[in-house]
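Inside the fold
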Amino acid sequence: EALDIYKSNASGTATANNNNNSNNGGTHNHVDVAVTFNHIGAIHQHKGQYDQAMFMYTKALKIMKKVLGPDHRNVAATYHNIAQVYVCRASSSIEEQQQQQDEHQEQQHQGLLLPLQPKQQQDIEKALKIYKDVLKVQRSALGDGHVDIAVTLDSIAHAHELKGKYDRAVKFYNKALRVRRNALGKRHILMAVTLDRIGKFHMERDGNMEEALRRFREALDIYRVHYHSLSGSSSGGEDCNVVVSVTRNIQIVSEIIQRYQRQQQQQQDDQLQMEEAMFLAARDKLGGTTRRTTSSSCSSSNNNNDDVIFKSAINSPGSSPRRRKHRRSHAQ
């Protein structure tokens, strides 16, 4: 229904513009038409109709560039939409492939990202190239600290995440976080959204559970304050879906950390027990040899015999000169 409304609006806007510009040979080249094309493209994208979305975004881009020029923020936004189509198409294909794999994998191997297929790789590379151009236009038109730049940085991070480049992904996620913090403040709801996304990245991708837990807790604090102020209730927004989701993730990550800590402690205990057993075995072996040697000497010799043995050892040809000299002096 929304798609039909937008199409009708696009047709109506174009007709009105043509009538208003009839003396100039009016055309469909009006920003309002381009905005409507963008909305239509977004609906197609949401429905997974990526070719139709790309077609509408491209039409919007053509109008935007002609009317506004190539360096306008709305042109950059439309380019961003096109890049999103590439990423969404790749992501959808990856998820479908992942589901097929997980159905045939043991539980411990589920969730691991598969290597990208050539088409997926190409789509993500195209998107990254466009994002780079978008950032240039945005920084030129808006400055480095605008929230639009945070949106693009988020998108770049997600693309690197899909590629399995987790170091680069977390780098761009944190850049987006810093831009939003500086532009919006520490307690803005979009800060919570970004923190939540970073927490999920660490939980599901790079396995940094301590960092995931920290980001989830930061997000939860903001969500609670925000939804409490909206609802005016004393529950602190505890019944809000997003609060419930983050709380559940905190519980999951906490359990993973505790399980890991227990495993580490068990490994340390096992290592200590093994080292102690090895030490006791070595001590018993050494102690047994000493007792047997002492017993043999006592049973087969007396003080005179011991003296003879001692003197024999002193005069032994195998003794070193320095050692014989020292023993002679001691004997005297």
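Quick caveat, the model's predicted, so the values are computed rather than measured.

This brings us to the packing of helix 5 (residues 118-142) against helix 6 (residues 147-163). Following both chains from N to C, one finds helix 5 and helix 6 inclined at 160°, their axes separated by 10 Å at the closest point. Classed by the angle they form, the pair helix 5 and helix 6 counts as roughly antiparallel. Viewed along their axes, helix 5 and helix 6 form a crossing whose handedness is left-handed. Residues Q121, I124, E125, L128, Y131, V134, L135, Q138, R139 and L142 of helix 5 form the contact with helix 6, whose own contacting residues are D148, I149, T152, L153, S155, I156, A159, H160, L162 and K163. Its residues assigned to classes, the contact of helix 5 with helix 6 comprises 11 nonpolar, five polar and four charged.

Before going further, it helps to examine the environment of C240. Looking at where C240 falls in the secondary structure, it is placed in the loop between helix 9 (209-231) and helix 10 (241-300). Note on C240: relative accessible area 17%, which makes it buried.

Here we come to helix 2 (residues 31-46). Helix length check: helix 2, at 16 residues, gives a terminal C-alpha distance of 23 Å against a target of 22 Å (1.5 Å per residue), a fit within 8%. Those residues of helix 2 lying buried are V33, A34, T36, F37, N38, I40, G41, I43, H44 and Q45. G48 sits one or two positions beyond helix 2 and adopts a positive phi of about 80°.

If you look at the biggest cluster of nonpolar residues, it comprises 66 residues, and the most contacted ones within it are F37, I82, Y131, L153, F216, Y223 and V253. In this view, Y223 contacts I189, A192, V193, D196, V242, V243 and V246; residues no more than four positions away in its chain are not counted.

For the rest of this paragraph, the subject is the pattern of salt bridges. This structure, assessed with the given rule, holds 16 salt bridges. Residue K119 pairs with D123 through a salt bridge whose shortest N-O separation is 3.8 Å. Remark: D123 and K119 occur in helix 5; sequence separation between them is four residues, near one turn of the helix. In this structure K119 comes out as partly exposed when scored by relative accessible area, which is 44%. Taking the relative accessible area as the measure of exposure, D123 reaches 2% and is therefore buried. Across the salt bridge formed by R139 and D144, the nearest N and O atoms sit 3.6 Å from each other. By relative accessible area, R139 is classed as partly exposed at 40%.

For any pair of aromatic rings, the description consists of the separation of the ring centres together with the inter-plane angle of the planes. Throughout the structure, instances matching the rule amount to three aromatic pairs. Look at Y166 and F201: their rings are 5.7 Å apart centre to centre, the planes differ by 80°, and that puts the pair in the edge-to-face class. With Y166 in helix 7 (residues 166-184) and F201 in helix 8 (residues 189-206), this residue pair connects regions lying 35 residues apart in the sequence. You can call Y166 partly exposed: its relative accessible area is 21%. Judged by its relative accessible area of 2%, F201 is buried. Chaining the aromatic ring pairs together yields one cluster made of Y166, Y173 and F201. In this structure, K171 is placed above the aromatic ring of F172, and the distance from its NZ or CZ to the ring centre is 6.0 Å. One Lys or Arg, K175, reaches over the ring of F172 and ends 5.0 Å from the middle of that ring.

Taken together, the side chains of L184, L190 and V193 define a hydrophobic patch exposed on the protein surface, amounting to about 190 Å² of accessible area. On the secondary structure map, V193 appears in helix 8. Accessibility expressed as a relative area gives 31% for V193, which makes it partly exposed.

The interhelical angle for the contact between helix 2 and helix 3 (residues 50-68), taken along N-to-C directions, is 160°, at an axis separation of 8 Å. Of the possible angle classes, the one that applies to helix 2 and helix 3 is roughly antiparallel. Handedness of the crossing formed by helix 2 with helix 3: left-handed. Listed contacts from helix 3 to V31, V33, A34, V35, F37, N38, I40, G41, A42, H44 and Q45 of helix 2 are Y50, Q52, A53, M56, Y57, K59, A60, I63, M64, V67 and L68.

The terminal C-alpha atoms of helix 3 lie 26 Å apart, and with 19 residues this matches the ideal 27 Å at 1.5 Å per residue to within 8%. Of all the residues in helix 3, the buried ones are Y50, A53, M54, M56, Y57, A60, L61, I63 and M64. Following helix 3 by one or two positions, G69 adopts a phi angle in the positive range, close to 95°.

Taken as a whole, the chain shows an average pLDDT of 81; of its residues, 71% reach a score of 70 or greater. Confidence drops under pLDDT 50 across residues 21-27; counting only partners more than four residues distant or on other chains, this segment forms five contacts. In this model residues 289-332 is a low-confidence stretch, pLDDT under 50, and it forms 12 contacts with partners more than four residues away in sequence or in other chains.

The rules we used
- Residues numbered from 1 in each chain as written.
- Predicted model: local features only at pLDDT ≥ 70, side-chain atom pairs only at ≥ 80, totals over all residues.
- Heavy atoms only, no water.
- Axes fitted to C-alpha atoms, helices over the stretch in contact; angles between N-to-C directions.
- Helix = DSSP H or I, 4+ residues; strand = E, 2+ residues; numbered from the N terminus.
- Parallel < 35°, antiparallel > 145°, perpendicular 65-115°, else oblique.
- Left-handed = near helix turned anticlockwise from the far one by under 90°.
- Contact = heavy atoms within 4.5 Å.
- Nonpolar A, V, L, I, M, F, W, Y, C, P; charged D, E, K, R; others polar.
- Buried < 20%, exposed > 50% of the residue type's maximum accessible area, 1.4 Å probe, protein only.
- Expected span 1.5 Å × (residues − 1).
- Core = buried A, V, L, I, M, F, W, Y, C linked by side-chain atoms within 4.5 Å.
- Salt bridge = Lys/Arg side-chain N within 4 Å of Asp/Glu carboxyl O.
- Phe/Tyr/Trp six-rings, centres within 6.5 Å; stacked < 30°, edge-to-face > 60°.
- Lys NZ or Arg CZ within 6 Å of the ring centre and 35° of its normal.
- Patch = residues over 30% accessible without salt bridge, like charges linked within 9 Å, V, L, I, M, F, W, Y side chains within 5 Å.
- Areas by Shrake-Rupley, 256 points an atom, 1.4 Å probe, with all protein chains shown as cover.
- pLDDT = per-residue confidence, 0-100.

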